[in-house]
Amino acid sequence: CPPGTRVARRKGEPVCCFDCIPCAEGEVSNTTGSLICDRCPLEFWSNSHRTACIPRQLEFLSFNDIMGITLTTVAVCGAVATAAVFLFFVYHRHTPLVRANNSELSFLLLMSLKLCFLCSLVFIGRPSVWACRIRQAAFGVIFVLCLSCLLVKTIVVLAVFRSARPGAGQLMRWFGPSQQRGSVFLFTSVQVIICAVWLSVSPPLPYRDLGLKGSKVILECEVGSVVGFSLVLGYIGLLASICLLLAFLARKLPDNFNEAKFITFSMLIFCAVWISFVPAYVSSPGKYADAVEIFAILASSFGLLFCLFAPKCFIILLRPERNTKKHMMAK
């Protein structure tokens with residue numbers, strides 16, 4: 001028989017009668033007369049002629065893939081747009097609209113959103129020990145920082161309205177700038193502790209998936225501890241749910257520019273994206289799971305950016321008559 005085939009007797013024929021049939025995928029003819037086929041080692045696959053074993057091709061979400069290039073472009077555009085909004089707000093930081101909506105937390109929120117866009121880039125590229133550890137920890141901490149800013153902003157909106165009632169004039173003493181910064185730090189510190197324990201006990205590590213038949217080896221990051229990954233996502237979901245609930249309660253408070261209604265809409269988009277993420281992530285293999293997570297990060301970040309800051313930019317640029325102290329103080 002020629003190379004790449006093996007001997008197979010025709011049923012019912014004498015021993016001397018045989019056919020030459022090709023070796024199966026992943027097998028090559030051996031060197032002992034091509035009587036049988038040998039299975040290639042796990043990290044190898046047969047060539048097109050079934051005559052030699054060649055290394056399998058590694059598959060991961062690369063910066064050179066069309067998918068990787070597209071996601072990278074979108075992430076960079078989001079980071080640039082966030083930086084532009086940040087500079088725009090810095091330039092107009094003394095206007096009533098920016099000052100009335102807690103400019104310090106707004107700047108911190110914009111910085112965290114920019115980091116959200118940039119952290120999606122660590123999910124692209126060949127998985128390594130440090131890349132696998134950094135990507136999920138960075139994602140978890142940065143998103144909690146973003147949600148902490150939104151949660152504190154919502155609490156301040158409620159506190160300002162409550163403090164206007166008779167007998168509640170001292171309420172804002174508990175929600176001053178230092179208390180706001182402390183609350184953001186406290187909420188974020190919880191996620192930092194969760195990630196630190198996760199990375200020290202059972203961190204994510206690179207993993208070669210050889211179970212699928214074919215000429216490729218899927219290189220991906222295992223989450224390590226499923227409990228740790230679930231706690232990271234669960235804490236993000238908890239903060240998002242609390243923020244959505246408080247913003248929903250404050251959405252109709254009497255104010256010409258009540259930020260709570262924009263926070264409500266942005267959190268609805270955020271929750272919808274991440275609720276859809278979980279089943280899509282679990283059912284997606286290899287690099288497509290990374291792509292799904294990157295898409296969820298980018299979609300939720302763009303939702304927060306446009307829902308929270310586009311209305312303010314619109315008023316500052318096109319409705320300057322509404323960007324006055326008199327208009328902001330009117331009920």
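Everything numeric in this text was worked out from a predicted model, so none of it was measured. (Residues numbered from 1 in each chain as written. Predicted model: local features only at pLDDT ≥ 70, side-chain atom pairs only at ≥ 80, totals over all residues. Heavy atoms only, no water.)

## A closer look at the UniProt feature "transmembrane region" (unreviewed entry) in the protein
Test applied: UniProt positions are given in the numbering used here, feature names are shortened, and annotations may be inferred rather than shown by experiment. To qualify as a helix, a DSSP run of H or I must reach at least 4 residues; to qualify as a strand, a run of E must reach at least 2; elements of each kind are numbered from the N terminus.
The UniProt entry lists residues 66–91, 103–125, 137–161, 182–201, 226–250, 262–282 and 294–318 under the feature "transmembrane region" (unreviewed entry), expressed in the numbering used here. Across residues 66–91, helical content stands at 100% and strand content at 0%; the span's end C-alpha atoms are separated by 37 Å. Helix makes up 100% of residues 294–318 and strand 0%. Its end C-alpha atoms lie 34 Å apart.

## Some details on the side chain of D290
Short version of the rule: Accessibility here uses a 1.4 Å probe with only protein chains present; expressed as a share of the type maximum, an area under 20% marks a residue as buried, one over 50% as exposed, and anything in between as partly exposed. Only heavy atoms enter the contact rule, under which two residues are in contact if any of them lie within 4.5 Å.
Here D290 shows up in helix α8 (residues 287–318). By relative accessible area, D290 is classed as buried at 10%. Those residues within four positions of D290 in sequence are excluded, and the remaining contacts are L61, F123 and R135.

## With respect to the packing of helix α3 (residues 103–119) against α8
Axes are the key here: two packed helices are described by the angle between their axes and the distance separating the axes. Short version of the rule: All axes here are fitted lines through C-alpha atoms, helices being fitted over the stretch that makes contact, and every angle between N-to-C directions spans 0 to 180 degrees. By the definition adopted for this analysis, an angle is roughly parallel if under 35 degrees, roughly antiparallel if over 145, roughly perpendicular if from 65 to 115, and oblique otherwise. The handedness criterion is simple: a crossing whose near helix is rotated anticlockwise from the far helix by less than a right angle is left-handed, and one whose near helix is rotated clockwise is right-handed. Side-chain classes are defined by residue name, with Ala, Val, Leu, Ile, Met, Phe, Trp, Tyr, Cys and Pro counting as nonpolar, Asp, Glu, Lys and Arg as charged, and the others, Gly among them, as polar.
Packing of α3 against α8 leaves a shortest axis separation of 9 Å and a crossing angle of 150 degrees. Relative to α8, the element α3 lies roughly antiparallel. Both α3 and α8 take part in a crossing whose hand is left-handed. Two secondary-structure elements touch here, α3 through S106, L109, L110, L113, C116, F117 and C119 and α8 through I297, L298, S301, F302, L304, L305, L308, F309 and K312. Residue composition of the contact of α3 with α8, by class: 13 nonpolar, 2 polar and 1 charged.

## Side note on the state of the cysteines
Put simply, the rule reads: The disulfide definition used here is simple: a pair of cysteine sulfur atoms within 2.5 Å.
Tallied over the entire structure, the rule returns 1 disulfide. A sulfur-sulfur distance of 1.9 Å marks the disulfide that ties C132 to C221. Since a negative S-S torsion denotes a left-handed disulfide, the C132-C221 link at about -75 degrees is left-handed. Here C132 is found in helix α4 (residues 129–163), whereas its partner C221 is found in strand β9 (residues 216–222), with 89 residues between them in sequence. The two residues C132 and C221 agree in class, both being buried. Note on C116: no disulfide assigned, nearest cysteine sulfur contributed by C146 at a separation of 4.9 Å.

## Quick word on the pattern of salt bridges
Any two side chains of opposite charge can pair if their charged atoms end up close together. Let me state the cut-off plainly: The salt bridge definition used is simple: a Lys or Arg side-chain nitrogen within 4 Å of an Asp or Glu carboxyl oxygen.
Counting across every chain of the model gives 3 salt bridges. With a closest N to O distance of 2.8 Å, R181 and E104 form a salt bridge. Taken together, the positions of R181 in helix α5 (residues 177–201) and E104 in helix α3 put the pair 77 residues apart, joining distant regions of the chain. Residue R181 is classed as partly exposed on the basis of its relative accessible area of 44%. E104 sits in the partly exposed class, given a relative accessible area of 39%. A salt bridge links D290 to R135; the nearest nitrogen and oxygen atoms lie 3.7 Å apart. Taken together, the residues span a long stretch of sequence, with D290 in helix α8 and R135 in helix α4 at a distance of 155 residues.

## Here we look at the sheet that holds strand β7 (residues 57–59)
Selection criterion: Two strands make a pair as long as DSSP finds a minimum of two bridges between them.
If you walk across this open sheet you meet the 3 strands as β7-β9-β8, and the pairing is mixed. The strands lining the two open edges of the sheet, one partner per strand, are β7 and β8 (205–209). Averaged over all neighbouring strand pairs, the angle between strand axes comes to 30 degrees, with direction disregarded. Bridging between β7 and β9 involves 3 bridges; their strand directions are parallel. Within β9, the residue paired with L58 across the bridge is V217.

## Some words on the confidence of the model for the protein
Put simply, the rule is: Residue-level confidence of the predictor is what pLDDT reports, using numbers from 0 through 100.
Looking at the protein, pLDDT values average 80 and 80% of them are 70 or higher. Within the protein, the lowest mean pLDDT, 60, falls on strand β1 (residues 5–9), and the highest, 92, falls on helix α1 (residues 66–91).

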